[in-house]
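The chain contents come next:
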Amino acid sequence: MAGRTFAVGDIHGEVEHLTRVWAKLPPLDSGDTVVFLGDYVNRGPHPKDVVEFLMDLPTKTPARIVCLRGNHEDAWLRARGEGFDGFMLKLEHGCLSTLRSFTGGPVPKPGEEPTDAEMELLSSGDFLPAPVVEWMAQLPFWHEDDNGIYVHAGLPRGPDGFLHPSKVHPAAMLAWVRTDDFVRNYRGKNVVFGHTPVRLLPEELSHYTPDDPLDAWINDDTAGLDTGCGIGGFLTIMERPALRVFESRDA
């Protein structure tokens, strides 16, 4: 069936989860679109492999590939363009995994601190290859088709209700919409987002396996697909309009 959209949650360097769930998808054709919701790097062990997979994907499938910019990609672009960025130096953001992945170093151990030399590279992002930086810089902030609106984190409220992404400053769709207001009160064309782990979303509002707090979070107006890649979870892909869900974890 043509006209399908497959939305992919946050990957965070987990290339094994990406390849596993990708293999579960039905055959794709030129009428299909695959939308990746951002946050491809940091935390997980293989950010370089994830980026290379995504950069090469348009040559591997007839489907249209749309990769959105997440706040983790945006942070690396800030580091490259402006120098020091405190985001990179916070251990919980997992940026050392991206540095090690691209420079051939070992996967960081839990809680491992970067060396002084690594601190300098983290604050500048100079280790990232130019083609990767160029790819990150052209990533769009949102996508819309007949099946929904796709953003990394959500939509902010304006004076007359929640704003269409065309009316929103791009930064507002990256990280600053982790609000109870959006997930509880947005009504309209379905918005599919990542960024906020589903375990932090109100379980009672999910119509999809509400008894599993780690599963995709889906209702009539919104769908949250960050099921914890990079923090011990798994990767989820949702097909619209059929609302089928594919997961990298075993059934």
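Before reading on, note that the structure itself is shown above.
For the structure given in this document, a descriptive report is provided here. (Residues numbered from 1 in each chain as written. Predicted model: local features only at pLDDT ≥ 70, side-chain atom pairs only at ≥ 80, totals over all residues. Heavy atoms only, no water.)

**A short note on the overall build of the protein chain**
Note the following rule: Counting from the N terminus, the helices are DSSP H or I runs at least four residues long and the strands are E runs at least two residues long. Within these notes, the globule rule equals 2.2 Å times the number of residues to the 0.38 power, and the radius of gyration is based on C-alpha atoms. Two residues qualify as a contact provided that any one of their heavy atoms is within 4.5 Å of a heavy atom in the partner residue. Here the accessible surface of atoms and residues is derived via Shrake-Rupley with a 1.4 Å probe, and residues count as covered only by protein chains that are part of the display. Think of it this way: Lys and Arg go in the positive column, Asp and Glu in the negative one, and His and the chain ends go nowhere. In this description, the location of a charge corresponds to atom NZ of lysine, CZ of arginine, CG of aspartate or CD of glutamate.
On a plain count of helices and strands, the protein chain comes out with seven helices and 12 strands. Scaling as 2.2 N^0.38, a compact globule of 251 residues should have a C-alpha radius of gyration of about 18 Å, and the protein chain matches this with 17 Å. Of all intrachain contacts in the protein chain linking residues separated by at least 6 positions in sequence, the fraction that spans at least 24 positions is 67%. As displayed, the protein chain offers around 11100 Å² of accessible surface, 52% of which is attributable to carbon and sulfur atoms. For the protein chain, the distance from the average position of its 23 positive side-chain charges to the average position of its 38 negative side-chain charges is 2 Å.

**Quick look at the sheet that holds strand β3 (residues 64-67)**
This is how the line gets drawn: Strand pairing is defined by DSSP finding a minimum of two bridges between the two strands. Helix axes are fitted only over the stretch in contact, all axes being lines through C-alpha atoms; the angle between N-to-C directions runs from 0 to 180 degrees.
The strand order across the open sheet formed by five strands is β3-β2-β1-β11-β12, and the pairing between neighbours is mixed. On the outer flanks of this sheet lie β3 and β12 (244-247), each paired with one strand and no other. The mean inter-strand angle of the sheet, taken between neighbouring strand axes irrespective of direction, is 20 degrees. Relative to β12, strand β11 (residues 236-240) runs antiparallel, the two being bridged by four bridges. Each residue of the ladder has a partner; that of Thr-236, found in β12, is Glu-247. Strands in contact with helix α1 (residues 15-22) are β2 (33-36), β3, β11 and β12; relative to β2, the strand with the most contacts, it is inclined by about 160 degrees.

**Re the nonpolar core**
For soluble globular proteins, the rule of thumb is that nonpolar side chains tend to be buried together. In plain terms, the rule: Within this scheme, the nonpolar core is defined by two criteria: the residues are buried Ala, Val, Leu, Ile, Met, Phe, Trp, Tyr or Cys, and they are joined through side-chain atoms within 4.5 Å. Three exposure classes are used, based on accessible area relative to the maximum for each residue type with a 1.4 Å probe and protein chains only: buried under 20%, partly exposed in between, and exposed over 50%.
Judged by nonpolar contacts, the single largest core of 55 residues is most densely connected at Val-34, Phe-36, Tyr-40 and Trp-76. Aside from chain neighbours lying at most four places away, what touches Val-34 is Phe-6, Val-8, Trp-22, Leu-28, Ala-63, Arg-64, Ile-65 and Val-66.

**Here's the deal with the state of the cysteines**
We apply this condition: We call a pair of cysteine sulfur atoms a disulfide when they lie within 2.5 Å.
One pass over the full model with this rule turns up zero disulfides. Considering cysteine sulfurs only, Cys-67 is the nearest to Cys-229, which forms no disulfide, with 15 Å between them. Judged by its relative accessible area of 1%, Cys-229 is buried.

**What about the packing of aromatic side chains?**
Any two aromatic rings considered together are summarised by their centre-to-centre distance and by the angle between their planes. For clarity, the threshold we go by: Working definition: rings of Phe, Tyr and Trp (its six-membered ring) pair if their centres are within 6.5 Å, and the pair is stacked with planes under 30 degrees apart, edge-to-face with planes over 60 apart, and tilted otherwise.
This model, assessed by the stated rule, comprises 11 aromatic pairs. With 5.3 Å between their ring centres and 90 degrees between their planes, Trp-76 and Phe-127 make a pair best called edge-to-face. Taken together, the residues Trp-76 in helix α3 (residues 71-82) and Phe-127 in the loop between α5 (116-124) and α6 (130-137) connect sequence positions 51 residues apart. Across the pair, exposure class does not vary: Trp-76 and Phe-127 are buried alike.

**Focus: the pairing of strand β1 (residues 5-8)**
Looking along a regular strand, one sees the side chains alternate between the two faces of the sheet. This is how it is decided: A clockwise path from the first strand over the helix to the second, with the strands pointing away from the viewer, defines a right-handed crossover.
Side-chain alternation along β1 places Thr-5 and Ala-7 on one buried face and Phe-6 and Val-8 on a second face that is also buried. As paired strands, β1 and β2 are joined by four bridges and run parallel to one another. Along β2, the bridge assignment pairs Val-8 with Phe-36. Regarding the hand of the β-α-β motif, the stretch spanning β1, α1 and β2 is right-handed. Sheet analysis places β1 next to β11, joined by four bridges and oriented antiparallel. For Ala-7, the partnering residue across the bridge sits in β11 and is Met-238.

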